[in-house]
Amino acid sequence: MPFPSETEKKTTLDQALRGVLEAEIVKQKGSCDDFLSLIDLSIDSVTEGICSATTPFLLLGDVLDCLPLDQCDKIFTFVEENVSTWKSNSFYSAGKNYLLRMCNDLLRRLSKSQNTVFCGRIQLFLARLFPLSEKSGLNLQSQFNLDNITVFNKNEQESTLGQKHSEEKEEGMEVEEGEMGDEDEPAPCSIPIDYNLYRKFWTLQDYFRNPVQCYDKFSWMTFLKYSDETLAVFKSYKLDDTQASKRKLEELRTAGGEHVYFAKFLTSEKVPDRSVALPPLHCSTCVLNDDQCLWMEETTKLVYQLLRETPPDGDKFATMVEHILNTEENWNSWKNEGCPSFVKERPADAKPIRPTRKRPAPEDFLGKGPDRKIFMGNDELTRLWNLNPDNMEACKSDSREFMPSLEEFFEEAIEQADPANMVEDEYKVVRNSNYGWRALRLLSRRSPHFFQPTNQQFKSLADYLESMVIKLAKELPKDIPSEEIKTGEEEDDDNGDNLLKETNDSPGIQHKLVSNQQMDEVAAKLGSQWKSLASQLEMKAAEMREIETESEDVDMQAKLLLVSWQDREGTQATVENLASALTAAGFPKIAEALTET
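- Naming follows an unreviewed UniProt entry, where the chain appears as THO complex subunit 1-like of Scleropages formosus.

So, in structure tokens, the structure goes:
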């Protein structure tokens, strides 16, 4: 009979060790010490080369899967103490995936609120086990945990806010994790929290779970409104009674005399005081526009202020939160840069380079010689550079002004526009495309009429330039009387005159864009009647349905209507146009109040 090979010997011993462990587990007579002795034996066997390198990890996984959490704590202490063994060459490659899977299984069984220390030990163990260059746990694609859903009461009919709680609870009622029992029942809340505030407060958690929603215009407006309302409540009502908090801290005293404190979400409607005491703080590094960045900066300062004013130890808690967020920001920056190595290795053959002294340049080259010339390496360049002692001042000279004046450039066009000269349209200079391009450039630099909106529609660039020539002829000091220059269409000229008159008389009202504050005031006054205005603003039925689905608040729906109209109209979203639409929709008082602001 041939002797068994080394592989067969290892397989036999692996099966024997696992068989002994399974027998102890089935009999339920094995203690933690027995299990650890068996795992120690497998480690020694791997070191001697008579056992497979994966066997200790398989034994650990079987033990942790079968034991309760209190005994798993003892087994995991053994795992922590042998971290140097797991990182050795004999074990690391074969067991790193087993250890990672084992830790993830433990984290799924543990409660992040009840077993916080155990969860932290597992995370620290993984940080010690894997090197910084290990990218398997870095979340390089920055994916969000969309399964982290905050559950709260979304049915207003089932809400208990505003009702008096009975002193006795039904028998057999279970207290869910994160809720309070009888001994923790809070005192009657003096803060006016209704179901709407409760719903808005916990709706914000969905945006923190998936911040990408804020890139949507309507979702950002909803997030902005709910955040401002919630923070306003936090700012208005401060916690003065800290007796309950002090009692809890005494219960959490550790053996060393210090206390531990972990913030947690309590979504029950019975804990309004404590919910206000723990406002959530989140930070986003996404690319935002200027208005969003300003709001984020102001709101972050307000949240830090509220955290510092929240007992107990608000200053320490706020400082720790800020430190954690700064660490996360540095971590994200490191990942975005491609996870560069923290170890800077210098090649063995590299030698430090000694700095070399530069030879001083000759004085005549620097312009310090008797002629004070700066030599540019070429006679012509040297001549041009030294034409003036100060080249920047020379560029500001009047002789460097090459842009013609309006009188000089449009003199020929004004003469041709006079009907007395009887110049046919096809021979006018405004019909020349090259002339038209230069005319637009000049008007944009020297004429205020170029940036004034107009209701006239022009079929071509030549028609637009003819209208501009007529306006310039009335303003420029020329010998040609302005009333003699007509194009033959009296109605269009009168329209242009009236437009100029209106523009000069009331520039503030006609061309003033609607501000964000004005839209808030109009939306608050419209309320549920915003659909009447939507028809006047030419909003489509699909857009109105989208607004209704984005928010249930009628004031918010009215604001979203005005925001959509402003985005569509752009520079035409003026106070005058909005006031006209309000008047046509049957809201003359709102329109009058809008024009007065």
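Picking up after the structure, the text goes on.
### Brief notes about the overall build of the chain
Right, on to step 1. Summing up its helical and strand segments, the chain has 26 helices and zero strands in all.
Right, on to step 2. Within the chain, buried positions represent 33% of all 597 residues.
Right, on to step 3. Carbon and sulfur atoms form 50% of the exposed surface of the chain, whose accessible area is close to 39,800 Å².

### Some words on the confidence of the model for the chain
Right, on to step 1. Residues at a pLDDT of 70 or more form 73% of the chain, whose mean pLDDT is 75.
Right, on to step 2. Here residues 165–184 scores under 50 on pLDDT; set against residues more than four positions off or in separate chains, the count is 25 contacts.
Right, on to step 3. Taken together, the stretch residues 480–510 has pLDDT below 50 and engages in 38 contacts with residues farther than four places along the chain or on a different chain.

### Side note on a negative patch on the surface
Right, on to step 1. Where like charges cluster on the molecular surface, the negative patch consists of E407, E408, E411, E412 and E415.
Right, on to step 2. Tracing the chain through its elements places E412 in helix 16 (residues 406–417).
Right, on to step 3. We classify E412 as partly exposed; its relative accessible area is 43%.

### Focus on the pattern of salt bridges
Right, on to step 1. All told, the structure shown has 17 salt bridges when counted by the stated rule.
Right, on to step 2. Measuring nitrogen to oxygen at the nearest pair gives 2.7 Å for the salt bridge that ties K200 to E229. Separated by 29 residues along the polypeptide, K200 in helix 8 (residues 195–209) and E229 in helix 9 (residues 217–236) bring together distant segments of the chain.
Right, on to step 3. Overall, the relative accessible area of 10% leaves K200 in the buried class.
Right, on to step 4. We classify E229 as partly exposed; its relative accessible area is 29%.
Right, on to step 5. Note that E322 is salt-bridged to R308, the shortest N-O span being 3.9 Å. Here E322 is found in helix 13 (residues 314–336), whereas its partner R308 is found in helix 12 (residues 290–308), with 14 residues between them in sequence.
Right, on to step 6. Within the structure, one salt-bridge network assembled from shared partners comprises K200, K225, E229 and D553.

### A look at the nonpolar core
For soluble globular proteins, nonpolar side chains are generally found buried alongside one another.
Right, on to step 1. Counting 41 residues, the largest nonpolar core has L526, L533, L537, L561, L562 and L582 as its most contacted members.
Right, on to step 2. At seven residues, the largest contribution of residues to this core is made by helix 24 (residues 554–569).
Right, on to step 3. By size, the runner-up hydrophobic cluster in this structure holds 37 residues, among which are I39, C72, F76 and F91.

### Concerning the environment of L537
Right, on to step 1. Considering the arrangement of structural elements, one finds L537 in the loop between helix 22 (530–536) and helix 23 (541–550).
Right, on to step 2. For the pair L537 and S564, spaced 27 residues apart in sequence, the C-alpha to C-alpha distance is 9.9 Å.
Right, on to step 3. With near-sequence residues (within four places) excluded, L537 lies in contact with L561, L562, W565, R568 and A581.

### A short note on the environment of D206
Right, on to step 1. Mapped onto the elements of the fold, D206 is located in helix 8.
Right, on to step 2. Separated by 56 residues in sequence, D206 and T150 have C-alpha atoms that sit 7.4 Å apart.

### Considerations on the packing of helix 23 against helix 24
Right, on to step 1. Packing of helix 23 against helix 24 leaves a shortest axis separation of 9 Å and a crossing angle of 135°. Judged by the inter-axis angle, helix 23 sits oblique to helix 24. Relative to helix 24, the crossing made by helix 23 is right-handed. Counting all contacts with helix 23, which are made through I547, E548 and E550, the residues of helix 24 involved are Q557, L560, L561 and S564.

### Some words on helix 16
Right, on to step 1. Counted at 1.5 Å a residue, the expected span for helix 16 with its twelve residues is 16 Å, and the 15 Å between its end C-alpha atoms agrees.
Right, on to step 2. Of all the residues in helix 16, the buried ones are L406, F409, F410, A413, I414, Q416 and A417. End-on view of helix 16: buried residues confined to an arc of 160°, all on one side of the axis.
Right, on to step 3. Turning to helix 16, the residues buried within the fold contact helix 17 (433–446) and helix 18 (461–475).

### Section: the packing of helix 25 (residues 575–584) against helix 26 (residues 588–596)
Right, on to step 1. The interhelical angle for the contact between helix 25 and helix 26, taken along N-to-C directions, is 165°, at an axis separation of 7 Å. One way to sum up the angle between helix 25 and helix 26 is to call them roughly antiparallel. With respect to the hand of their crossing, helix 25 and helix 26 are arranged in left-handed fashion. Between helix 25 and helix 26, the contacting residues are V575, L578, A579, L582 and T583 on the first element and P588, I590, A591, L594 and T595 on the second.
Right, on to step 2. In terms of residue class, the contact of helix 25 with helix 26 is made up of eight nonpolar, two polar and no charged.

### Some remarks on the side chain of N210
Right, on to step 1. Structurally, N210 can be placed in the loop between helix 8 and helix 9.
Right, on to step 2. Beyond its immediate stretch of four places on either side in the chain, N210 contacts F144 and L146.

### Points about unusual backbone geometry
Right, on to step 1. Of note, the phi angle at M422 is positive, near 50°, even though the residue is not glycine.
Right, on to step 2. Inspection of the secondary structure assignment puts M422 in the loop between helix 16 and helix 17.
Right, on to step 3. Judged by relative accessible area, M422 falls into the exposed class, the value being 72%.
Right, on to step 4. The backbone of E538 sits at a positive phi, close to 60°, despite the residue not being glycine.

### Quick notes on the environment of N577
Right, on to step 1. As for its placement among the helices and strands, N577 is situated in helix 25.
Right, on to step 2. Residue classification places N577 among the partly exposed residues on the basis of a relative accessible area of 32%.
Right, on to step 3. Considered as a pair, N577 and K512 are 65 residues apart in the sequence and their alpha carbons are 9.9 Å apart.
Right, on to step 4. N577 has contacts with W565 and Q572, leaving out every residue within four places of it along the chain.

### Overview of a nonpolar patch on the surface
Right, on to step 1. Among the surface-exposed residues, I374, M376, L381, L384, W385 and L387 lie close enough to one another that they form a single nonpolar patch of about 560 Å² accessible area.
Right, on to step 2. Inspection of the secondary structure puts M376 in the loop between helix 13 and helix 14 (379–385).
Right, on to step 3. Classification of M376 by relative accessible area gives partly exposed; the value is 38%.

### With respect to the packing of aromatic side chains
Right, on to step 1. Per the counting criterion, the structure on display carries 18 aromatic pairs.
Right, on to step 2. Arranged with centres 5.7 Å apart and planes meeting at 80°, the rings of F201 and F234 form a pair that is edge-to-face. Of this pair, F201 sits in helix 8 while F234 sits in helix 9, and the two are 33 residues apart along the sequence.
Right, on to step 3. Each member of the aromatic cluster is reached from another via a ring pair, and the members are Y207, F208, W220, F223 and W295.

The rules behind each value
Residues numbered from 1 in each chain as written. Predicted model: local features only at pLDDT ≥ 70, side-chain atom pairs only at ≥ 80, totals over all residues. Heavy atoms only, no water. Helix = DSSP H or I, 4+ residues; strand = E, 2+ residues; numbered from the N terminus. Buried < 20%, exposed > 50% of the residue type's maximum accessible area, 1.4 Å probe, protein only. Areas by Shrake-Rupley, 256 points an atom, 1.4 Å probe, with all protein chains shown as cover. pLDDT = per-residue confidence, 0-100. Contact = heavy atoms within 4.5 Å. Patch = residues over 30% accessible without salt bridge, like charges linked within 9 Å, V, L, I, M, F, W, Y side chains within 5 Å. Salt bridge = Lys/Arg side-chain N within 4 Å of Asp/Glu carboxyl O. Lys, Arg positive; Asp, Glu negative; His and termini not counted. Charge placed at Lys NZ, Arg CZ, Asp CG, Glu CD. Core = buried A, V, L, I, M, F, W, Y, C linked by side-chain atoms within 4.5 Å. Axes fitted to C-alpha atoms, helices over the stretch in contact; angles between N-to-C directions. Parallel < 35°, antiparallel > 145°, perpendicular 65-115°, else oblique. Left-handed = near helix turned anticlockwise from the far one by under 90°. Expected span 1.5 Å × (residues − 1). Arc of directions from axis to C-beta. Nonpolar A, V, L, I, M, F, W, Y, C, P; charged D, E, K, R; others polar. Phe/Tyr/Trp six-rings, centres within 6.5 Å; stacked < 30°, edge-to-face > 60°.

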